[in-house]
Amino acid sequence: MNIILLGPPGAGKGTQSDYLRDTYKLTKLATGDMLRAAVASGSEIGLKAKAVMAAGALVSDDIMIGIIRDAISDSNCPNGFILDGFPRTTAQAAALDGMLEEEGKKIDYVIELKVDDAALVARIAGRYSCKKCGAGYHDTFRKPAVADRCDACDSTEFTRREDDKAETVAKRLEQYHAMTAPLLPHYKAAGNLRTVDGMADIAEVTLAINGIVG
Ligand code: AP5
Ligand code: MG
Ligand code: ZN
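Every chain's residues receive numbers from 1 upward, in the order its sequence appears when written. By the order in which they are written, chains take letters starting at A while ligands take numbers starting at 1. Whole-chain, interface and lining totals are the exception, using all residues; otherwise, since this is a predicted model, local features are given only for residues with pLDDT of at least 70 and side-chain atom pairs are given and counted only at 80 or more. Side-chain measures were taken over the full set of non-hydrogen atoms in the model, leaving aside hydrogen atoms and water.

### Some points on the coordination of the zinc ion (ligand 3)
- Only nitrogen, oxygen and sulfur atoms count as donors, using a 2.8 Å cut-off from the metal that widens to 3.2 Å for Na, K and Ca. Water is left out, so coordination shells may look unfilled. Coordination of the zinc ion (ligand 3) by the protein involves Cys 130 (SG), Cys 133 (SG), Cys 150 (SG) and Cys 153 (SG), with metal-donor separations of 2.3 to 2.4 Å.
- Any site counts as irregular unless it has four donors with all angles between 85 and 135 degrees, making it tetrahedral, or four or six donors with opposite ones more than 155 degrees apart and the rest between 65 and 115, making it square planar or octahedral. If you look at the zinc ion (ligand 3), its four donor atoms make angles of 100 to 114 degrees with each other, and the shape they trace is tetrahedral.
- In primary sequence terms, the donor set of the zinc ion (ligand 3) follows C-x2-C-x16-C-x2-C.

Written out as structure tokens, the structure is:
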């Protein structure tokens, strides 16, 4: 099964793709996570992406398409994949269609997480993640079971994203509406678009997604 999760910054793509990865044994391909790893390692892609990400702009289509081309192979995704954060432009969507056709694969579901812009800011402002394993948390909406201890790996070290400052979030949101939301009609026409109310609680959103893919 191959799934695309589409939605604005803070919609819950990362939260729900972790669930899909664990439940359906899919490979999670989160381009933002890949880029942050590239920045941390100081690789050539990381050097190119660092300032662009910090400004809340989009990294070039060439770089992103190259990353995904390598990532969607059968050996990397034996049970299929979840794309979180890709495609984000019409050029990326067209390139993905081409790659899938070449490999004889298809996207089963494109799941849009629909959330009001006003709610996104509060979500992003409260977000943090485990420094060791990457598990995601929120000051209000998803606290670890034991305070200051990661549920998944017991680590006590957490981190917040550099691009989660209010001004940068506004720019990311603007980019979503200008560059990414126009993909929705493309997938609607392809017949695999499903829209989920992303304003609901995390567990309710998971249930809705399960109802689609389960
Ligand atoms: P990326 O990392 O993809 O960021 P994003 O799209 O802005 O999305 P986020 O990760 O901020 O939000 P999310 O939807 O994953 O929400 P989450 O689950 O964490 O991209 C970062 C940057 O990389 C881009 O700006 C760009 O520069 C670059 N980039 C990446 N891909 C690219 C591409 N293809 N092309 C070009 N450039 C690219 O949830 C947010 C918070 O809310 C969490 O704390 C969570 O606990 C909480 N939460 C989740 N769901 C709920 C709920 N239902 N109710 C209450 N709280 C909730
Ligand atoms: Mg994310
Ligand atoms: Zn952890």
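Still to come is the rest of the account.
### Digging into the packing of aromatic side chains
- Put simply, two rings from Phe, Tyr or Trp (the six-membered ring, in Trp's case) pair if the centres are within 6.5 Å, and we call them stacked under 30 degrees between planes, edge-to-face over 60, tilted for the rest. Applying the stated criterion across every chain, the model contains three aromatic pairs.
- Plain terms: the ring middles of Tyr 128 and Phe 158 are 5.4 Å apart, the flat faces sit at 85 degrees to each other, and that makes the pair edge-to-face. Of this pair, Tyr 128 sits in strand S5 (residues 127-130) while Phe 158 sits in strand S7 (residues 158-159), and the two are 30 residues apart along the sequence.
- Under the relative-accessibility criterion, Phe 158 is labelled partly exposed at 23%. Helix numbering and strand numbering both begin at the N terminus, where a helix is a DSSP run of H or I of at least 4 residues and a strand a DSSP run of E of at least 2. Burial classification: accessible surface area is computed with a 1.4 Å probe over protein chains only, and a residue below 20% of its type maximum counts as buried, one above 50% as exposed, and the rest as partly exposed.

### Let's talk about the pattern of salt bridges
- The term salt bridge refers to a side-chain nitrogen of Lys or Arg lying within 4 Å of a carboxyl oxygen of Asp or Glu. Applying the stated criterion across every chain, the model contains 17 salt bridges.
- With a closest N to O distance of 3.9 Å, Glu 157 and Lys 131 form a salt bridge. Taken together, the residues Glu 157 in the loop between strand S6 (136-138) and S7 and Lys 131 in the loop between S5 and S6 connect sequence positions 26 residues apart.
- When its relative accessible area of 55% is taken as the criterion, Lys 131 is described as exposed.
- A salt bridge links Arg 149 to Asp 154; the nearest nitrogen and oxygen atoms lie 3.8 Å apart.
- Connected through shared salt-bridge partners, Asp 18, Arg 21, Asp 22, Lys 28, Asp 33 and Arg 36 make up one network.

### Topic: the sheet that holds strand S3 (residues 81-84)
- Pairing is parallel across the open sheet formed by five strands, whose spatial order is S2-S3-S1-S4-S8. Since the sheet does not close on itself, it has two edges, and those belong to strand S2 (27-30) and strand S8 (193-197), each with one partner. The mean angle between the axes of side-by-side strands here comes to 20 degrees, regardless of whether they run parallel or antiparallel.
- Paired strands, in this sense, are two strands between which DSSP finds at least two bridges. Relative to S3, strand S1 (residues 3-6) runs parallel, the two sharing three bridges. An axis is simply a line fitted to the C-alpha atoms; with a helix, the fit covers only the stretch in contact. Between two such axes, the angle follows the N-to-C directions and lies from 0 to 180 degrees.

### Examining the site of ligand 1
- Any residue with at least one heavy atom within 4 Å of a molecule or strand is counted as near it. Surveying the vicinity of ligand 1 reveals 35 residues, the closest of which are Thr 15, Ala 57, Arg 88, Arg 127 and Arg 172.
- Thr 31 places a polar side-chain atom, nitrogen or oxygen, 2.8 Å from a nitrogen atom of ligand 1.
- At a separation of 3.1 Å, a nitrogen atom of ligand 1 approaches a polar backbone atom of Val 59.
- With residues, only the protein chains shown are counted as cover, and all accessible areas are computed by Shrake-Rupley using a 1.4 Å probe. For ligand 1, whose free accessible area comes to 1,000 Å², the fraction covered by protein is 95%.
- Among the secondary structure elements, those contributing two or more residues to the shell around ligand 1 are helix H1 (13-24), helix H2 (31-41), S6 and helix H9 (202-213). Here a polar contact is taken to be a pair of N or O atoms separated by no more than 3.5 Å, where protein atoms must pair a possible hydrogen donor with a possible acceptor and residues adjacent in sequence count only if both atoms sit in side chains.

### Here we look at the nonpolar core
- For this analysis, a nonpolar core means a set of buried residues of the types Ala, Val, Leu, Ile, Met, Phe, Trp, Tyr and Cys, connected via side-chain atoms within 4.5 Å. Counting 30 residues, the largest nonpolar core has Ile 4, Phe 81, Leu 83, Leu 96 and Tyr 187 as the members making the most contacts within it.
- For this core, the elements supplying multiple residues, two or more each, are S1, helix H3 (44-54), helix H4 (61-71), S3, helix H5 (90-103) and helix H8 (183-190).
- For this core, the element with the most residues is H4, which contributes six residues.
- Ile 3, Leu 5, Ile 111 and Val 205 belong to the second largest nonpolar core, which has 17 residues in total.

### Comments concerning unusual backbone geometry
- Residue Pro 87 follows Phe 86 across a cis peptide bond; omega there is -5 degrees.
- The phi torsion at Lys 25 lies on the positive side, around 55 degrees, for a residue other than glycine.
- Since its relative accessible area comes to 55%, Lys 25 is described here as exposed.

### Structural notes on the sheet that holds S5
- The strand order across the open sheet formed by three strands is S6-S5-S7, and the pairing between neighbours is antiparallel. Each of the sheet's edge strands pairs with one partner strand only, and the pair in question is S6 and S7.
- Sheet topology note: the S5/S6 ladder contains three bridges and is antiparallel. When the sheet's bridge partners are listed, Arg 127 is paired in S6 with His 138.

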